[in-house]
Structures are given as structure tokens and as C-alpha cells.
Amino acid sequence: LDMVSCRVLALTPFAGDCQYSYVRYVSVARLCQFFPSVNPKAALKWKNRGPKIVEEIVRYAPDVVCLQEVDAFDDFLAPQLAMHQYAGVWQKKSDRKQDGVAIFWNTQRFALEARDHVEFGLKEGVGLYVCLRQQNGEPPLCIANTHLFWDPAMEYIKLAQSEIYLNRAAAFAAGRPLIVCGDLNSMPGSDCYNLYSQKAATHTYTPVCNNEVTGEIATDADAVTTSYAQPLNLRPAYDPLPDFTTLTDDFRGMLDHIFLTPRVCALAHLDMFSEETILEEKSLPSSRYPSDHMACMALLQVTSPEQ
């Protein structure tokens, strides 16, 4: 099996005329020291992974692509994807971090109308937003992309980042159709996920003092309960939700998400890779699959305001 043959894009029946938008979300991680179980080690080399990531994107021919952990924008991804009629924007997380998030679009379908970003001020996270004008004269489409903090012991950081991210997304979209993507590092059912799907969440936690130099973690503070809210009515593009979007020999879970506002509905989605196939090489990334997270992709219908 190659990267494509074990994936299925299953169409859901729909009625009426519609406009199609493909949303393609990929997580790109290049910090090799985070993948000690990956074998063969050559699979981690960017000279092997980079071209495969581009190949996978081009095979699916999406209209919009959202990427996280991107640190090879100007010198690799932008020129490589430009050869396939994609343009894009990138936002670095902070001065300390070398990676960021990117959004690309097919220039035959879209042109950039506006862009914005927000820095969370928490663990150096960032949200990136674009408004894309459709070349056929149809209404514009807004896209939001982020990569939240990873640590499961600090969900309150992810909640605070998400509250900033989603409120800024709502202001940027200003009622226009919006697609919210991201590596949220959050599982369905978590308080962070519920903030997206239910507009509000209340979370009780003990603040963690994480010494990034020594790695020591202190949790001797008193428990705190905080409420979070955001104004967007969001629903997942995947229904049902997949069991996982990332998989190793000791972890499986859905951490990557596409959410839609009411004027955008999903007609189909791309299934995840076979678990048995992935575990043949123990973990992601591998020689066959270039990213440590699998791609989420949806076929979407964007409706006009009166529909």
C-alpha cells in the first residue's frame, strides 16, 4: 500500500446545487528528537519527509491546505507548492520558536483578500487567519489555523489559547463562512474540545510551574476553577469522529480537528490510515507516512446567506 491506496474519501449523499471547497489539514513535525521510537531513523530526515509531504498534498489536489509545525516555508514548502499553483502565508510562533503555522490555497480557485494573526502570549502559540476571495465571484471563505500547547497536564493553557484564538476568529470572519482547523492537542470530550463544540467550558486545575530549563514541574498551588467562552457555533467536519489522527506504539488519539460554522457543511471526509499498516513500522512518522499526524480532509459545501 502507498500513501493514497489505504485512504478512502467516502461521499455523503446531498441534494441541490452547491459550491465545493476542499479543506486539507496536515500536521508537519520536524523535531526529530521527539520521535525516539521511529524506525528506520532515515524516515526522520527532512530530505526524505519534505518531498513526501508535498507529494501527499498534491495527490489530493485540495483547494485549501492548513499546516502546523512549519519551519521550512520560504526555502521549501512555498516554492515547491507554487509549482502546483498554490500560494500561502506563514506565521512564526514567536521569537524563540522557529516553527509556525501556514495556510495555502489553490490560486486557480482563490485569491487572498485579507490576513490576520494573533499571538496568544501563552507558551508561544499563534493563530493565523485568511479570508479567501473565490475567483468565480462566489462569496469569500475564511480559514483559521493553529497549533495548541502539547502538555496534557496543562489543559488550562490550551483553553486560554483557544479562547483567544476563537474570539479573534469570530471577529475576523465577521459572519462570513469560516473553517476552523488545528492541531489542538486535545481529545474529543476534553474541556478544551468542548469549548469548540459547545461554546463554553469550565475547567478545574492546579496551576503547574514548568521550569523549561531543568524540566522540573511544581504543582503545589491551590486548585483553580475558570470558565471559558467563545461566540462561534461550530460543529466537526468529521461525523463520526475518527478514533485517532496520530498513532504510536503507546498512544492513539484524535488530536487534530476541522470545525465548521453553520454556512459550511461537510459532504465527505477522508478516512484515517489503517492502524495495522502504521504499526508495521511502530510509529509515525515512518518511511511510508511522512508526518507524525495524519491528514484530515473534508469535501465541503458553502451555502449562500439566504439558504
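Notes on the overall build of the protein chain
Here is step 1: Summing up its helical and strand segments, the protein chain has five helices and 19 strands in all.
Here is step 2: Residues classed as buried in the protein chain amount to 53% of the 307 residues present.
Here is step 3: When contacts within the protein chain are restricted to residue pairs at least 6 apart in sequence, long-range pairs at least 24 apart make up 71% of them.
Here is step 4: Accessible surface, the protein chain as shown: approximately 13400 Å² in total, 52% of it carbon and sulfur.

Considerations on helix H3 (residues 155-173)
An α-helix turns once per 3.6 residues; consequently, residues spaced three or four apart project the same way.
Here is step 1: Taking 1.5 Å per residue, 19 residues should reach 27 Å; H3 reaches 26 Å between its end C-alpha atoms and fits that length.
Here is step 2: For H3, a buried count of 14 out of 19 residues is recorded, marking the element as mostly surrounded by other parts of the structure.
Here is step 3: Alanine 174 sits one or two residues past H3 and shows a positive phi near 50 degrees.

Regarding the nonpolar core
Here is step 1: Formed by 35 residues in total, the largest nonpolar core has its most connected members in Ile103, Ile143, Ile179 and Ile278.
Here is step 2: The set of elements that each furnish at least two residues to this core consists of strand S3 (64-70), strand S5 (100-106), strand S7 (126-134), strand S8 (141-147), strand S9 (178-183), strand S17 (256-260), strand S18 (264-270) and strand S19 (296-302).
Here is step 3: Tallying contributions element by element places S19 first for this core, with five residues.
Here is step 4: Ignoring any residue separated from it by four or fewer positions in sequence, one finds isoleucine 278 in contact with Phe244, Leu247, Phe273, Ser283, Leu284, Tyr289 and Met294.

Quick look at the state of the cysteines
Here is step 1: Inspection of the entire model under this criterion finds zero disulfides.
Here is step 2: Of the cysteine sulfurs around cysteine 131, a residue in no disulfide, the closest is that of cysteine 142, at 3.9 Å.
Here is step 3: Here cysteine 296 is not cross-linked by a disulfide; its sulfur's nearest cysteine counterpart is in cysteine 181, at 8.6 Å.

A look at unusual backbone geometry
Here is step 1: With an omega of 5 degrees, the peptide bond running from aspartate 239 to proline 240 counts as cis.
Here is step 2: Structurally, proline 240 is set in the loop between strand S14 (235-236) and strand S15 (246-247).
Here is step 3: Residues other than glycine seldom take positive phi values, yet lysine 199 does so here, at roughly 75 degrees.
Here is step 4: Looking at where lysine 199 falls in the secondary structure, it is placed in the loop between helix H4 (191-198) and strand S10 (200-205).
Here is step 5: Given the relative accessible area of 31%, lysine 199 is considered partly exposed.

Quick word on the sheet that holds S9
Here is step 1: Read from one edge of the open sheet, six strands run S6-S7-S8-S9-S17-S14, paired in mixed fashion. Looking at the sheet topology across the chains shown, the edges are occupied by strand S6 (110-119) and S14.
Here is step 2: Of the pairings in the sheet, the one linking S9 to S17 comprises five bridges and is antiparallel in character. Following the sheet pairing, cysteine 181 is matched in S17 by isoleucine 258.
Here is step 3: Lying on the sheet, H3 is in contact with S6, S7, S8 and S9; it crosses S7 at an angle near 20 degrees.
Here is step 4: Contacts from H4 reach S9, S14 and S17, with the element oriented near 20 degrees to S17.

Quick word on the environment of glutamate 69
Here is step 1: With respect to the helices and strands, the residue glutamate 69 is situated in strand S3.
Here is step 2: Taking the relative accessible area as the measure of exposure, glutamate 69 reaches 16% and is therefore buried.
Here is step 3: C-alpha separation for the pair glutamate 69 and lysine 93, spaced 24 residues apart in sequence, amounts to 9.2 Å.

Rules behind the numbers
- Residues numbered from 1 in each chain as written.
- Predicted model: local features only at pLDDT ≥ 70, side-chain atom pairs only at ≥ 80, totals over all residues.
- Heavy atoms only, no water.
- Helix = DSSP H or I, 4+ residues; strand = E, 2+ residues; numbered from the N terminus.
- Buried < 20%, exposed > 50% of the residue type's maximum accessible area, 1.4 Å probe, protein only.
- Contact = heavy atoms within 4.5 Å.
- Areas by Shrake-Rupley, 256 points an atom, 1.4 Å probe, with all protein chains shown as cover.
- Expected span 1.5 Å × (residues − 1).
- Core = buried A, V, L, I, M, F, W, Y, C linked by side-chain atoms within 4.5 Å.
- Disulfide = S-S within 2.5 Å.
- Pairing = 2+ DSSP bridges.
- Axes fitted to C-alpha atoms, helices over the stretch in contact; angles between N-to-C directions.

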